[in-house]
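Commentary on secondary and tertiary structure
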Amino acid sequence: MNEASPLPPFSAVIVAAGKGLRVGGDTPKQLREYRGKTLTRHSLDALAAAGADPIVIVHGKIDEDAAKQLTAGLDNVLWAAGGATRQASVRSGLEALAFASPDRVLIHDAARPDLPQSVIARLVNALDEHCGAIPTLPVVDSLAVAGDAGTMAGKADRDSLRRVQTPQAFRYKAILEAHRSWSGALDAGDDAQVLSATGGSVALVDGDERLKKITFAEDFMDQPRAAPYRVGQGYDVHRLVEGEELWLCGVKLDHTHGLAGHSDADVALHAITDAILGAVGEGDIGTHFPPSDPRWAGARSGQFLEHAVNLAKQAGYQIGNIDLTIICEAPRIGPHRPKMRSELAKLTSLHPSAISVKATTTERLGFTGRGEGIAAQALVSLSSLETAL
Ligand code: MG
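Residues numbered from 1 in each chain as written. Predicted model: local features only at pLDDT ≥ 70, side-chain atom pairs only at ≥ 80, totals over all residues. Heavy atoms only, no water.

Examining the sheet that holds strand 13 (residues 229–242)
What counts is decided by this rule: Should DSSP find at least two bridges between two strands, the strands are regarded as paired. The secondary structure listing takes helices from DSSP runs of H or I that are at least 4 residues long and strands from runs of E that are at least 2 residues long, numbered from the N terminus. Axis definition: a line fitted to C-alpha atoms, limited for helices to the stretch in contact. Angles are taken between N-to-C directions and run from 0 to 180 degrees.
One open sheet accounts for five strands, arranged 16-13-19-17-18; its pairing is mixed. Where the open sheet ends on each side, the last strands, each with one partner, are strand 16 (257–260) and strand 18 (355–360). Between one strand axis and the next, the sheet turns by 30° as a mean value, whatever way the strands run. In this structure, strand 17 (residues 317–327) lies alongside strand 19 (residues 373–384), joined through 10 bridges in antiparallel fashion. Bridge pairing in strand 19 links Ile322 to Val380.

Written out as structure tokens, the structure reads:
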């Protein structure tokens, strides 16, 4: 399947009629701000960008201003009234599309704002061969069956189980008929179950972890971590002494003196490491590699930097660029600059063009001017790993 090719035409129903009580506060969850937009607007934008037309929002009571604001700049949005249950709300949205009678429709919960275009494409395309398609994820945790008194009654086989997300995609006529003929005695868990009850085949396509449901207030509080850019700065000093090796940026330099310290005392790598740790709020180099720990005696400082790069990645960030200044009277840094940049590129997986190594003296002033030590300062920028949705 080529996800880059244009999608067949489809419509969408966004179910935004829930009360969202677990989030707390007065504003319903779907109208609360999340990463700069209301929860529902995220889904609207993602579906509109994929070409959904028209898009029905199934909503509870909403005042006119909020409704206008929610759909500002979009001209293909319709409204439908929410029902007493999710299923009644979905049916209301589907009935609102009857005039257009689209071939394909996506039904999505507003509580899942991060909707990747790739998932939409997989779903819409899967309808070539099936009446329905749902995004699913494998179960990664092991499973237990809960018995009485909070004890384990048995295990469940996770291999045959999948976690189901939305949007769910359907042939419009098939899902509308399925909803109309549903007995109503039972509330279905989701629309795929409604379709399945009529014998329609439902394809499982790959879901996406980003599609997680926003349920609790903490999910909204998660936001600062996803700032698109971060910066960090680091500063370090080591003493110059006789009889030590001189390491700067992971490169060994010939010099009369070397830097003293617990590790290899590579003051430049320490400054860069601290800058990265600072950008992601992970303490400083001493937090992660305490000088009291004999493991780091004489250690190559490159591993400290690699560790910081990994921590940034785990926090959802990649390094954009590094700007380093080495402050010393001697040795001269210029001749070693290309080697230093390529060594830093290796340690950080950056292109050398994203790495700047500068040097300055202090005009013979202060400890660096007297050759008693070398100082280094670094600035780094980080950008969020979240790809454009
Ligand atoms: Mg240091």
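After that view, the rundown keeps rolling.
Section: the coordination of the magnesium ion
We count it as follows: Sites may look incomplete, because water is not among the atoms used; the donor set itself consists of N, O and S atoms within 2.8 Å of the metal (3.2 Å for Na, K and Ca). Burial here depends on accessible area, computed with a 1.4 Å probe over protein chains only, as a share of the maximum for the residue type. Under 20% is buried, over 50% is exposed, and the range in between is partly exposed.
Each protein donor to the magnesium ion is listed here as Asp236 (OD), His238 (NE2) and His270 (ND1); together their distances run 2.1 to 2.3 Å. Linear spacing of the donor residues for the magnesium ion on their chain is D-x1-H-x31-H. Of this pair, Asp236 sits in strand 13 while His270 sits in helix 8 (residues 267–279); the two residues are 34 residues apart in sequence, bridging distant segments of the chain. Like His270, Asp236 is buried.

Regarding the packing of helix 3 (residues 86–96) against helix 5 (residues 172–181)
Put simply, the test is: Any angle from 65 to 115 degrees is called roughly perpendicular, while one under 35 is roughly parallel, one over 145 is roughly antiparallel, and all others are oblique. Should the near helix be turned anticlockwise from the far one by less than a right angle, the crossing is termed left-handed; should it be turned clockwise, right-handed. Contacts are assigned to residue pairs that have any heavy atoms within 4.5 Å of one another. Basically, the charged four are Asp, Glu, Lys and Arg, the nonpolar ten are Ala, Val, Leu, Ile, Met, Phe, Trp, Tyr, Cys and Pro, and anything else, Gly included, counts as polar.
Where helix 3 contacts helix 5, the two axes come as close as 10 Å, and the packing angle between them is 135°. Classified by the angle between their axes, helix 3 and helix 5 sit oblique to one another. Handedness of the crossing formed by helix 3 with helix 5: left-handed. On the side of helix 3, the interface is formed by Gln87, Val90, Arg91, Leu94 and Glu95, while helix 5 contributes Tyr172, Ile175, Leu176, His179 and Arg180. Grouping the amino acids of the contact of helix 3 with helix 5 by side-chain chemistry returns five nonpolar, two polar and three charged.

Remarks on the side chain of Asp274
Here is the rule we go by: Counting rule applied: Lys, Arg positive; Asp, Glu negative; His and chain ends not counted. Within this document, salt bridges are pairs made up of a side-chain nitrogen of Lys or Arg and a carboxyl oxygen of Asp or Glu, the two lying within 4 Å of each other.
When you line up the elements, Asp274 lands in helix 8. Of the side chains bearing the opposite charge, Arg230 lies closest to the buried Asp274, which forms no salt bridge; the N-O distance is 14 Å.

Re unusual backbone geometry
Working note: non-glycine residues mostly have negative phi, and peptide bonds are mostly trans. For the peptide bond that leads from Asp53 to Pro54, omega is -10°, which places it in the cis range. Looking at the secondary structure, you find Pro54 in the loop between helix 1 (39–50) and strand 4 (55–59). Cis geometry is adopted by the peptide bond preceding Pro167, which originates at Thr166 and carries an omega value of 10°. The phi dihedral of Ser101 falls on the positive side, at around 40°, and the residue is not glycine. Take Ser101: it is sitting in the loop between helix 3 and strand 6 (104–109). Ser101 gets classed as partly exposed once you look at its relative accessible area, which sits at 37%. Here the phi dihedral of Ser349 falls at roughly 60°; this positive angle occurs in a residue that is not glycine.

Quick look at helix 1
Going by this rule: Under the convention used throughout, the expected extent of a helix is 1.5 Å for every residue step, that is, one less than its residue count.
Between its first and last C-alpha atoms helix 1 spans 18 Å; for 12 residues at 1.5 Å apiece the expected length is 16 Å, and the two agree. With nine of 12 residues buried, helix 1 is to be regarded as a mostly interior element.

Thoughts on the environment of Ala50
Within the secondary structure, Ala50 is located in helix 1. In this structure Ala50 comes out as buried when scored by relative accessible area, which is 17%. On a C-alpha basis, the gap between Ala50 and Gln117 in space is 6.5 Å, while along the polypeptide they are 67 residues apart. The contact partners of Ala50, leaving out residues within four places of it in the chain, are Leu7, Phe10, Gln117 and Ile120.

A look at the nonpolar core
Rules: For this analysis, a nonpolar core means a set of buried residues of the types Ala, Val, Leu, Ile, Met, Phe, Trp, Tyr and Cys, connected via side-chain atoms within 4.5 Å.
Among the nonpolar cores identified, the biggest contains 44 residues, and Leu248, Ile272, Ile276, Leu324, Ile326, Met340 and Ile374 are the most heavily contacted of them. Of all the secondary structure elements, the ones that give two or more residues to this core are strand 14 (246–248), strand 15 (251–253), helix 8, helix 10 (302–314), strand 17, helix 11 (337–348), strand 18 and strand 19. Each residue touching Ile276, except ones within four places of it in the same chain, is listed here: Leu305, Ala308, Val309, Ala312, Ile319 and Val380. In terms of nonpolar packing, the next biggest core, distinct from the first, is built from 28 residues, Ala16, Leu31, Ala133 and Val205 among them.

Here's the deal with the packing of aromatic side chains
For clarity, the threshold we go by: Any Phe, Tyr or Trp ring, taking Trp's six-membered ring, that has another such ring centre within 6.5 Å forms a pair; planes under 30 degrees apart are called stacked, those over 60 apart edge-to-face, and the others tilted. Placement of a charge over a ring requires the Lys NZ or Arg CZ to be within 6 Å of the ring centre, with the centre-to-atom vector within 35 degrees of the ring normal.
Applying the stated criterion to the full structure yields three aromatic pairs. Ring centres of Trp296 and Phe304 lie 5.9 Å apart, and the angle between their planes is 85°; this geometry places the pair in the edge-to-face category. Assigned by exposure class, Trp296 and Phe304 land together as buried. One aromatic cluster is present, formed by Phe289, Trp296 and Phe304 through successive ring pairs. The aromatic ring of Trp247 is capped on one face by Arg300, whose charged end is 3.8 Å from the ring centroid.

Considering the side chain of Thr368
Quick reminder of the rule: For this analysis, a polar contact is any N or O atom pair within 3.5 Å, provided that within protein one partner can donate a hydrogen and the other can accept it, and provided that sequence-adjacent residues contribute only side-chain to side-chain pairs.
Relative to the helices and strands, Thr368 is located in helix 12 (residues 366–369). The exposure class assigned to Thr368 is buried, which follows from its relative accessible area of 6%. Only 2.7 Å separates the side chain of Thr368 from the side chain of Thr362, close enough to count as a polar contact. With sequence-adjacent residues up to four places away left out, Thr368 is seen in contact with Ile327, Glu329, Thr362, Gly373, Ile374 and Ala375.

Quick look at the environment of Ser160
Along the chain, the position of Ser160 falls in the loop between strand 9 (152–156) and strand 10 (162–164). In this structure Ser160 comes out as exposed when scored by relative accessible area, which is 58%. Separated by 22 residues in sequence, Ser160 and Pro138 have C-alpha atoms that sit 8.7 Å apart.

Focus on a nonpolar patch on the surface
Heads up, the rule is: Residues qualify for a patch when their relative accessible area is over 30% and they have no salt bridge, like charges being joined within 9 Å and the nonpolar side chains of Val, Leu, Ile, Met, Phe, Trp and Tyr within 5 Å. Only the protein chains shown count as cover for residues, and the accessible areas themselves come from Shrake-Rupley with a 1.4 Å probe.
Taken together, the side chains of Tyr235, Val237 and Phe367 present a nonpolar region at the surface, about 250 Å² in accessible area. Along the chain, the position of Phe367 falls in helix 12.

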